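The residues making up each chain are set out below.
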Amino acid sequence: MSTQSIPVSRGDSLNKLASQQFDVLIIGGGVTGAGIALDAAARGLLVALVEMQDFAAGTSSRSTKLIHGGLRYLKNLEFGIVREVGLERNIVYNNAHHIVRSEKMLLPLVKGGSLGKYSSSLGLWMYDRLAGVKKHERRKMLSKEQTLEKEPLLDKADVVGGGEYVEYRSDDARLVIELIKSATTFGACSVNYCKFDSFLYDKESDKVCGGTIQDLINDEVIEVKAKTIVNAAGPWVDTLREEDGHIMSKKKLQLSKGVHLVVAHERLPLKQSIYFDVEADDRMVFAIPRGRSTYIGTTDTIFTDPSLADPSITDEDISYVLAAANAAFPTVNLTPADVESGWSGLRPLIFEPGKDSTEISRKDEIFVSSSGLISIAGGKLTGYRQMARRTVNQVSKQLGLNLRYCPTEHIQLSGGRFNSLEDVKLYINKQQGEASQVLIPELEMKRLVFTYGSNTEQIVNLCYQFYQEETDPILRLHKAEIEYLINHEHCITLSDVMIRRTGMLYFDVPRMNELLEPYASIMGNLLDWDEAEQYRQIASCLKNLDWVPSRKRKAAP
Ligand SMILES: Cc1cc2nc3c(=O)[nH]c(=O)nc-3n(C[C@H](O)[C@H](O)[C@H](O)COP(=O)(O)OP(=O)(O)OC[C@H]3O[C@@H](n4cnc5c(N)ncnc54)[C@H](O)[C@@H]3O)c2cc1C
């Protein structure tokens, strides 16, 4: 089964929110909420989802962006999680070939490091078996020479060998938006920039039966009726549980902050992804090449600051990540001036007394309040489908229905109408042929397909539609892409486009700088922004990089 994107009008969605009674109202449009929306809608339920920011603007655009089997959980002997997420990653891969790619990961073994040759070999062997890794992707142990050949930037004096295994890399925010679009094709009504404010209760049963929602764009309040409510608010799960007040479980969230930094690939020119030991504290950090950049992370620190939406990246975070990279790759000498971008996210973990954040399990848990509010917390991006399955089972139980069959294993996500990477490549060639008259450059076509998958043809169609009115092929493509993003992907601000739909603010700052004004102008035409609003949008987008050291220095008087 596959899903293609269909246009959504925000006005129509808001009208629906106000006028229908939903089987389930989901609070939170991160990967957890979006996965639940797809599962519930595909099982035939009437679904509404509200997100107070943009979709994925919480933790789900701020992860390491790996769909992985969680090798590190072996260290904590969490075999069940390794098995579940390992199997899940294959399903995510099969259903979204355009945004999930297999990626060889090198695990260097160093003198005095926390990873021994035999324990790593055994660990990777167990990982392959538990996670059901395909035969050709199973781990290979490497000699010192082989390891250094794979990555010459590693410390020649320190490396004693290595292991190579396969991870899957994705784009977390794109995964969320493809889930939201897929859910829409099954009739779900999802609206971003809509904040859930307060619960409504049935007078007789005292069970939740809806809530008031603030439409943050039009500054209006809407009452939504729903038979069940799911709280999938990530780091905000406890805020909503407390707002409901009918808490039954004493368990609470423990937030942990993780920071990633992005440098130009030419400043850290890795040949492949590396998962390496941090000498200072025995933690492990990823360095992952992606397009013109390499990103490095992550940190793992307990977080208690109430300003949840955008946890800051401090000088200390920057020093930690750069020191880790400089120790592993001693010739590169990265400095704060090399940092071009980055992000900081909060892991919504379930508190376990006496454990620090690196030891806390990443498993998910469902809490049901006496009011019937279903809260889901913890977990991983990779395991979103199983989290959704368990949550929708609970919803179905509360609705008194017997909807046990979960169909999502076989639903190709919006844009994911492919059976393999080979298929994606064939599609790129086919689209290149189809777009011959509208002159889309080859590199742009690749970028489009690895971003929008089989929905690329809708952008190509728009290019044909604009053929007469716009003769410059590049400007025409910009117009077509932005129109698609507004009409099919709920883009409302310039930051939605630059951060969560195209990833440009993270991975290609020079391209973003070039496109800020043209994109703001195109969006301005479509969304009725005057010049002042266009500049406000540009400033607000750039604000996301205020913490970058080289930008701070420029801004100083
Ligand atoms: C640094 C880091 C690295 C990670 N790396 C990986 C990885 O490589 N692979 C992996 O599998 N997992 C990884 N994870 C874990 C994964 O990112 C998270 O488990 C997942 O994104 C959580 O998704 P969520 O939907 O539960 O939360 P969120 O994405 O935060 O979504 C919750 C949403 O609820 C919204 N919300 C809150 N309150 C309201 C309200 N009142 N009304 C409306 N909306 C509301 C928020 O705005 C938010 O968008 C990582 C996490 C971090 C922090």
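Caption draft 1: Spatial organisation of the overall build of the chain. Within the chain one finds 18 helices and 18 strands. Here the C-alpha atoms of the chain give a radius of gyration of 23 Å, agreeing with the 24 Å that 2.2 N^0.38 yields for 557 residues. The dimensions of the chain, computed from C-alpha atoms along their principal axes, are 70 × 60 × 55 Å. A buried classification covers 51% of the 557 residues belonging to the chain. Taking all contacts inside the chain whose residues are at least 6 apart in sequence as the whole, residues at least 24 apart take part in 72%.

Caption draft 2: Fine view of the site of the ligand. Taken together, 39 residues form the shell around the ligand, and within it G28, G30, G58, G234 and G258 come nearest. Those elements that provide at least two residues to the shell around the ligand are helix 2 (31-42), strand 8 (194-201) and strand 16 (339-350). Per element, the largest residue contribution to the shell around the ligand is four residues, and it comes from strand 16. A class-by-class count of the residues in the shell around the ligand yields 15 nonpolar, 18 polar and six charged. No fewer than three residues from each of domain 1 (10-60 + 173-251 + 365-410) and domain 2 (100-171 + 254-350) sit in the shell around the ligand.

Caption draft 3: Main features of the nonpolar core. By size, the foremost hydrophobic cluster in this structure holds 85 residues, and its most contacted members are L261, A287, V321 and A325. Two domains each put at least three residues into this core: domain 2 (100-171 + 254-350) and domain 3 (421-552). Not counting chain neighbours up to four residues away, the residues in contact with V321 comprise V259, L261, I296, G297 and T299. Within the second largest apolar cluster, 74 residues are counted, among which are F22, A48, V230 and L381.

Caption draft 4: Just the domain arrangement of the chain, in detail. Partitioning the chain into domains gives domain 1 (10-60 + 173-251 + 365-410), domain 2 (100-171 + 254-350) and domain 3 (421-552). Averaged C-alpha coordinates put domain 1 and domain 3 at centres separated by 29 Å. At the interface, eleven residues of domain 1 touch eight residues of domain 3. Its residues placed into classes, the side of domain 1 that touches domain 3 shows seven nonpolar, one polar and three charged.

Caption draft 5: Geometry of the packing of helix 13 (residues 473-488) against helix 16 (residues 509-527). Interaxial distance between helix 13 and helix 16 falls to 10 Å at its minimum, and their mutual angle equals 55 degrees. With respect to helix 16, the element helix 13 is oriented oblique. Crossing hand, helix 13 versus helix 16: right-handed. Contacts between helix 13 and helix 16 involve H478, K479, I482, E483 and I486 on the former and, on the latter, P518, Y519, I522, M523, L526 and L527. Residues belonging to the contact of helix 13 with helix 16 are distributed by class as follows: eight nonpolar, one polar and two charged.

Caption draft 6: Summary view of the environment of V424. Considering the arrangement of structural elements, one finds V424 in helix 10 (residues 421-434). The exposure class assigned to V424 is buried, which follows from the 21 C-beta atoms found within 10 Å. Ignoring sequence-local partners within four residues, the contact set of V424 consists of H97, H98, F418 and V449.

Caption draft 7: Just helix 17 (residues 531-542), in detail. When the terminal C-alpha atoms of helix 17 are compared, their 17 Å separation across twelve residues agrees well with the 16 Å that a helix rising 1.5 Å per residue should span. For helix 17, the set of buried residues is Q534, Q537 and C541. What you see down the axis of helix 17 is that its buried residues fit within an arc of 60 degrees, all on one side. Turned more than 90 degrees away from the buried face of helix 17 sit A532, A539 and S540, all of them exposed.

Caption draft 8: Looking closely at unusual backbone geometry. The phi angle at L439 is positive, at roughly 55 degrees, despite the residue not being glycine. Note that L439 resides in the loop between helix 10 and helix 11 (442-452). For L439, a count of 13 C-beta atoms within 10 Å puts it in the partly exposed group. Backbone geometry at D528 places phi at a positive 65 degrees, although glycine is not the residue there. The class for D528 is exposed, based on 8 C-beta atoms found within 10 Å.

Caption draft 9: Broad picture of the environment of A532. Mapped onto the elements, A532 comes out in helix 17. Classification of A532 by C-beta neighbours within 10 Å gives exposed; the count is 8. Remark: the alpha-carbon pair of A532 and G378, spanning 154 residues in sequence, is separated by 41 Å.

Caption draft 10: Representation of the pairing of strand 17 (residues 364-368) in the model. Judged from the five bridges that link them, strand 17 and strand 18 (residues 374-378) form a sheet pairing that is antiparallel. What sits directly across from D364, in strand 18, is G378. Where strand 17 hands over to strand 18, the hairpin turn is made up of five residues, of which G372 adopts a positive phi near 95 degrees.

Caption draft 11: Structural context of the pairing of strand 11 (residues 253-264). By the criterion of burial, strand 11 is predominantly enclosed, with eleven of the twelve residues buried. Here strand 11 runs beside strand 16; their pairing, made up of eleven bridges, is antiparallel. Bridge pairing in strand 16 links V262 to S341. As paired strands, strand 11 and strand 15 (residues 301-302) are joined by two bridges and run antiparallel to one another. Bridge pairing links S256 to I302 in strand 15. Both strand 11 and strand 14 (residues 293-297) contribute to a ladder of five bridges, which runs antiparallel. The residue of strand 14 that forms the bridge with V262 is Y295.

Definitions and limits used
- Residues numbered from 1 in each chain as written.
- Predicted model: local features only at pLDDT ≥ 70, side-chain atom pairs only at ≥ 80, totals over all residues.
- Helix = DSSP H or I, 4+ residues; strand = E, 2+ residues; numbered from the N terminus.
- Rg over C-alpha atoms; globule rule 2.2 N^0.38 Å.
- Buried ≥ 20, exposed ≤ 12 C-beta atoms within 10 Å, placed from the backbone.
- Contact = placed C-beta atoms within 7 Å.
- Near = placed C-beta within 6 Å.
- Nonpolar A, V, L, I, M, F, W, Y, C, P; charged D, E, K, R; others polar.
- Domains from an automatic or database assignment.
- Core = buried A, V, L, I, M, F, W, Y, C linked by C-beta atoms within 7 Å.
- Axes fitted to C-alpha atoms, helices over the stretch in contact; angles between N-to-C directions.
- Parallel < 35°, antiparallel > 145°, perpendicular 65-115°, else oblique.
- Left-handed = near helix turned anticlockwise from the far one by under 90°.
- Expected span 1.5 Å × (residues − 1).
- Arc of directions from axis to C-beta.
- Pairing = 2+ DSSP bridges.

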